[in-house]
Amino acid sequence: MCADIIQAIQPLLVSYDPQQIVVVTTTAVSAARSEVAALGYPVLTLPDGEAAKSLATVQQIWDFLLDRRITRRGLLICIGGGVLTDLGGFAASTYKRGIAFIHIPTTLLAMVDASSGGKTGINYRGLKNVIGTFAMPLSTLICPSLLSTLPPREMLSGFAEMLKTGLLDSGDLWQRLLRYDLETLPVEPLHALIDDCLAVKQRIVSADPHEEGLRKALNLGHTFGHALEEKSLDEPLPHGYAVLYGLIAELYLSVTKLGCPRQPLQQLTQLMLHYYGRPQCKCSDRQALISLMQQDKKNERTAEINCTLLSAIGQPAVNTVITPAEADETLEYLFSL
Ligand code: GLY
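What you see is a predicted model; the values in this text were computed from it and never measured.

### A few points about the overall build of the chain
The number of helices and strands found in the chain is 13 helices and nine strands. Over its C-alpha atoms the chain spans a radius of gyration of 20 Å, differing by no more than 12% from the 20 Å that the globule rule assigns to 337 residues. Judged by the C-alpha coordinates and their principal axes, the chain covers about 60 × 40 × 35 Å. The buried share of the chain, taken over its 337 residues, is 56%. Long-range pairs, those at least 24 residues apart, make up 72% of the contacts in the chain with a sequence separation of at least 6. The average position of the 28 basic charges and that of the 34 acidic charges among the side chains of the chain differ by 5 Å.

Laid out in structure tokens, this is it:
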């Protein structure tokens, strides 16, 4: 956690030639962007939003690096939300076979999930993060004070990833998250919760950095979530909202297939109804959503649907294969809430 970005970043920069440091950020207003811009390094500003997570935007970053003659000893500082940190990390990890990068996440979602753990990527042919690499940032600077100006919808989106993490923890994180005030979204109580979510994630990532098995637990809610997000690319659904709907779907399957207790499903449903609203999908979308799930990158065989489910809070069951009929019944349940 850092209270002052400039103080936290300076020691990381001393071993780099100042001519070899560049910044990539987005048009979204952020105190971090203004502070780092004042250091005087060249800045590339990209459009904000999921549509920018494309090969064309990565080419813009590669061109920016080449035009400034950045070598393998260069450093890319990525300031922004999860889209930007995924994009910047991907561009850096592929440029000249990989240069160093630092993340300064400016949204709750990027702080608690996207900017840690070394996943980078872009969307391609309508599929989320289907092209990407594993590449660890040199450092990720988490400055919760940046959250004080974040819109409530962005806070709720990030909080959904925290709820996912709470469901994977065998301690009391889930109960503590449920006590957080989603009405007023205060920043101060989030500090300890962010720390604890990151600790859970780091434990999982260090045991399985390349997602051979255990790390798939962090995809809880994402098989259904990504499909819902992909289906709404024309009218974007915030990632965390899609994850929340995905968590409800996958907890329903956890109850019906693995005998998980019903309480977390009921608790999440209450949060959805009070704060997030229902998913805006129609029954006629179900087949398209199932086809998208059959392209999910967790799948190990063509056309299967692979989910992470829970047998209880803190007990993930990765690589649980579900049938298209089970997926359809689950979507019917989700859309009926
Ligand atoms: N966002 C899930 C992971 O980092 O594995």
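### What about the site of the ligand?
Close contacts around the ligand come from Asp 113, Lys 119, Lys 201, Glu 211, Arg 215 and Leu 218, and that covers them all. The side chain of Arg 215 places a nitrogen or oxygen atom 2.8 Å from an oxygen atom of the ligand.

### Structural notes on the side chain of Thr 223
Looking at where Thr 223 falls in the secondary structure, it is placed in helix H9 (residues 222-231). Among the residues examined, Thr 223 registers a relative accessible area of 0% and is labelled buried. Among residues more than four places away in sequence, those in contact with Thr 223 are Glu 250, Met 293, Asp 296, Lys 298, Ile 305, Asn 306 and Cys 307.

### Quick look at helix H1 (residues 5-13)
Within H1, the full set of buried residues consists of Ile 5, Ile 9 and Leu 13. Viewed along the axis of H1, the buried residues span an arc of 50 degrees, placing them on a single side of the element. Exposed residues on H1 whose side chains face more than 90 degrees from its buried face are Gln 7 and Pro 11. Where H1 is buried, its residues touch strand E1 (21-26), helix H2 (31-37), strand E3 (75-80) and strand E4 (100-105).

### Quick notes on the pattern of salt bridges
A full pass over the atoms with the stated rule returns 13 salt bridges. A salt bridge links Glu 50 to Lys 128; the nearest nitrogen and oxygen atoms lie 2.8 Å apart. A residue pair is termed long-range when its members are at least 10 positions apart, and Glu 50 in the loop between strand E2 (43-46) and helix H3 (55-67) and Lys 128 in strand E6 (residues 127-134) qualify at 78 residues. The pair formed by Glu 50 and Lys 128 is uniform in burial state, with each residue classed as buried. Where Lys 128 meets Glu 229, a salt bridge forms, and the shortest distance between an N and an O atom there is 3.0 Å. Taken together, the residues span a long stretch of sequence, with Lys 128 in strand E6 and Glu 229 in helix H9 at a distance of 101 residues. For Lys 128, a relative accessible area of 5% translates into the label buried. Each of Asp 113, Glu 161, Lys 164 and Lys 201 takes part in salt bridges that share partners, so that together they form one network.

### Observations concerning the pairing of E2
Residues of E2 alternate between two faces, with Leu 44 and Leu 46 buried on one and Val 43 and Thr 45 left unburied on the opposite face. Here E1 pairs with E2 via four bridges, running parallel. Directly across from Val 24, in E2, lies its bridge partner Leu 44.

### Description of the packing of aromatic side chains
By the definition in use, this model includes three aromatic pairs. With 5.0 Å between their ring centres and 70 degrees between their planes, Tyr 241 and Tyr 276 make a pair best called edge-to-face. On the criterion of sequence distance, the pair formed by Tyr 241 in helix H10 (residues 239-258) and Tyr 276 in helix H11 (residues 263-276) is long-range, its members being 35 residues apart. Residue Tyr 241 is classed as buried on the basis of its relative accessible area of 4%. Where Tyr 252 meets Tyr 333, the ring centres are 4.0 Å apart and the plane angle is 15 degrees; that geometry is what we call stacked. In this pair, Tyr 252 is assigned in helix H10 and Tyr 333 in helix H13 (residues 324-336), connecting sequence segments 81 residues apart.

### Considering the nonpolar core
Across soluble globular proteins, nonpolar side chains show a tendency to be buried alongside one another. Core analysis: the largest hydrophobic core is formed by 85 residues, its most contacted members being Ile 104, Leu 108, Phe 159, Met 162, Leu 190, Ile 194 and Leu 268. At 11 residues, the largest contribution of residues to this core is made by H10. When neighbours within four sequence positions are excluded, Phe 159 is seen to be in contact with Leu 108, Leu 177, Tyr 180, Leu 182, Leu 190 and Tyr 276. One finds Leu 44, Cys 78, Tyr 95 and Phe 101 within the second-largest nonpolar core, a separate group that totals 22 residues.

### Brief notes about the sheet that holds E4
Strands sit in the order E2-E1-E3-E4-E7 across an open sheet of five strands; the sheet is parallel. Each having just a single partner strand, E2 and strand E7 (139-140) make up the two edges of the open sheet. Taken strand by strand, helix H4 (residues 82-94) contacts E1, E2, E3 and E4, and its axis lies near 165 degrees from that of E3.

What counts and what doesn't
- Residues numbered from 1 in each chain as written.
- Predicted model: local features only at pLDDT ≥ 70, side-chain atom pairs only at ≥ 80, totals over all residues.
- Heavy atoms only, no water.
- Helix = DSSP H or I, 4+ residues; strand = E, 2+ residues; numbered from the N terminus.
- Rg over C-alpha atoms; globule rule 2.2 N^0.38 Å.
- Buried < 20%, exposed > 50% of the residue type's maximum accessible area, 1.4 Å probe, protein only.
- Contact = heavy atoms within 4.5 Å.
- Lys, Arg positive; Asp, Glu negative; His and termini not counted.
- Charge placed at Lys NZ, Arg CZ, Asp CG, Glu CD.
- Near = heavy atom within 4 Å.
- Polar contact = N/O pair within 3.5 Å; in protein donor to acceptor, adjacent residues only side chain to side chain.
- Arc of directions from axis to C-beta.
- Salt bridge = Lys/Arg side-chain N within 4 Å of Asp/Glu carboxyl O.
- Pairing = 2+ DSSP bridges.
- Phe/Tyr/Trp six-rings, centres within 6.5 Å; stacked < 30°, edge-to-face > 60°.
- Core = buried A, V, L, I, M, F, W, Y, C linked by side-chain atoms within 4.5 Å.
- Axes fitted to C-alpha atoms, helices over the stretch in contact; angles between N-to-C directions.

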